[in-house]
Amino acid sequence: MLTRKQHKLLLFIDSHLKQTGFSPSFDEMKDAMGLRSKSGIHRLISGLEERGFLRRHHHRARALEVIHLPEIASASEALPANVVRGDFVRQQNSALKIPLYGRIAAGLPIEALAETDTFLDIPKDMIGSGEFYALEVAGDSMIDAGIMDGDHVIIRRAEDAENGQIIVALIDNSEVTLKRLRRKGNTIALEPANPRYETRIVPAERLHIQGKLAGLIRRYH
């Protein structure tokens, strides 16, 4: 059994992972749960770990893994108001083969490869529905968003994005970069996630969105 708060937090973490590819921060979880302190989040996460719904990778920052999702009890089953039935629903492990197009700058923009014969196998439940491709990150300008040099980012093809989303931007039909999107009138700001880099301002007509960040794969050697 899960409490309502444990269930709500688990669903929030699962949704955040699928949308961004990263675990939410403790501040984000605290705000989403309406709690005043992070200690309550620690207790909820510990409870989810003990029940086998969540795995915490202690030697990595913002590294939570959803192992199972609970089923909601049917209306005919009498449970306390603050309890959700914790029957396991295993994530499906079927893989999706997506093209790996080469390296993309998370520092200075570089040209991405247009063709490839290299593919990555990605669990379908990691990224959801849509058309995807992968790029290898070059540079460290997005490290505060958890994106490191050498990571593989999974990109959902899209021509539009909301403010604050991390996008693949094509500039002047030649340069490609991975940055956070901010629209400012007739211009677009491409924000890094590293204070050592400056935000780049580009006229909107010179920039085309090539996709949005959907996930991330990191290999440890």
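Residues numbered from 1 in each chain as written. Predicted model: local features only at pLDDT ≥ 70, side-chain atom pairs only at ≥ 80, totals over all residues. Heavy atoms only, no water.

## Re the overall build of the protein chain
We apply this condition: Each helix is a run of DSSP H or I of at least 4 residues and each strand a run of E of at least 2, with the numbering of both proceeding from the N terminus. A 1.4 Å probe rolled over the protein chains alone gives each residue an accessible area, and that area as a share of the maximum for its type sets the label: buried under 20%, exposed over 50%, partly exposed in between. By definition in these notes, contact holds between two residues if any of their heavy atoms fall within 4.5 Å. All accessible areas in this document rest on Shrake-Rupley with a 1.4 Å probe, and a residue is counted as covered only by the protein chains that are shown.
If you tally the helices and strands in the protein chain, you get four helices and 15 strands. Out of the 221 residues belonging to the protein chain, those deemed buried represent 42%. Long-range pairs, those at least 24 residues apart, make up 58% of the contacts in the protein chain between residues at least 6 apart in sequence. Of the roughly 12300 Å² of accessible surface on the protein chain, 49% is carried by carbon and sulfur atoms.

## With respect to the pairing of strand β10 (residues 152–156)
Taken residue by residue, a regular strand's side chains alternate between the two faces of the sheet. Our working definition: For two strands to count as paired, DSSP must find a minimum of two bridges between them.
β10 sits mainly inside the fold: four of its five residues count as buried. As judged from the five bridges shared by strand β9 (residues 132–138) and β10, these two strands associate in the antiparallel manner. Within the sheet, the bridge partner assigned to Ala134 lies in β10 and is Ile154.

## Here we look at the nonpolar core
Selection rule: Throughout, nonpolar core names a set of buried Ala, Val, Leu, Ile, Met, Phe, Trp, Tyr and Cys residues whose side chains join them through atoms within 4.5 Å.
One finds Leu135, Ile147, Val153, Ile155, Val168 and Leu178 to be the most contacted residues of the largest nonpolar core, which totals 19 residues. Mapped by element, the contributors of at least two residues to this core are β7 (95–105), β9, β10, β11 (166–171), β12 (175–184) and β15 (207–217). When sequence neighbours within four positions are dropped, the list of residues in contact with Val168 reads Ile104, Tyr133, Leu135, Ile155, Val176, Thr177, Leu178, His208, Ile209, Gln210 and Gly211. Residues Leu2, Met33, Ile41 and Leu64 belong to the second largest nonpolar core, which totals 16 residues.

## A word on the environment of Gly215
Assignment of secondary structure puts Gly215 in strand β15. Here Gly215 falls in the buried class, since its relative accessible area comes to 0%. Distance from Gly215 to Phe22, taken between C-alpha atoms, is 7.2 Å for residues 193 residues apart in sequence.

## A closer look at the packing of helix α1 (residues 4–20) against helix α3 (residues 39–50)
Selection rule: Lines fitted to C-alpha atoms define the axes here, with helix axes fitted over just the stretch in contact, and angles between the N-to-C directions of these axes take values from 0 to 180 degrees. For this classification, under 35 degrees means roughly parallel, over 145 means roughly antiparallel, 65 to 115 means roughly perpendicular, and everything else is oblique. Three classes are used: nonpolar for Ala, Val, Leu, Ile, Met, Phe, Trp, Tyr, Cys and Pro, charged for Asp, Glu, Lys and Arg, and polar for all others, with Gly counted as polar.
Put simply, α1 and α3 touch, their axes get as near as 10 Å, and they point 85 degrees apart. Taken as axis vectors, α1 and α3 run roughly perpendicular relative to one another. Here Lys5, Gln6, Leu9 and Leu10 of α1 lie close against α3, whose contacting residues are Ile41, Leu44, Ile45, Gly47 and Leu48. Within the contact of α1 with α3, the residues separate by chemical class into six nonpolar, two polar and one charged.

## Some points on the side chain of Thr177
Rules: Here a polar contact is recorded for every N or O atom pair within 3.5 Å, except that within protein the pair must consist of a potential hydrogen donor and a potential acceptor, and residues adjacent in sequence are included only if both atoms are side-chain atoms.
Mapped onto the elements, Thr177 comes out in strand β12. A polar contact is formed between the side chain of Thr177 and the side chain of Lys179, at a distance of 3.0 Å.

## Description of the packing of aromatic side chains
We describe a pair of aromatic rings using the distance from one ring centre to the other and the angle between the two ring planes. What counts, and what does not: The pairing test for Phe, Tyr and Trp rings, Trp by its six-membered ring, is centres within 6.5 Å, and the orientation test on the planes gives stacked under 30 degrees, edge-to-face over 60, and tilted for anything in between.
In total, this model carries one aromatic pair according to the counting rule given. Measuring from ring centre to ring centre gives 5.4 Å for Tyr101 and Tyr133, while their planes differ by 45 degrees; the resulting arrangement is tilted. Separated by 32 residues along the polypeptide, Tyr101 in strand β7 and Tyr133 in strand β9 bring together distant segments of the chain. Just as Tyr101 is buried, Tyr133 falls in that class too.

## What about the UniProt feature "DNA-binding region" (unreviewed entry) in the protein chain?
For clarity, the threshold we go by: UniProt positions are given in the numbering used here, feature names are shortened, and annotations may be inferred rather than shown by experiment.
Look at the UniProt record and you will see "DNA-binding region" (unreviewed entry) annotated at residues 26–46. The span residues 26–46 is 76% helical and 0% strand by assignment, and the distance between its end C-alpha atoms comes to 13 Å.

## Things to note about the environment of His57
Looking at the secondary structure, you find His57 in the loop between β2 (54–56) and β3 (64–66). In contact with His57, other than residues within four places in its own chain, are Ala63 and Glu65.

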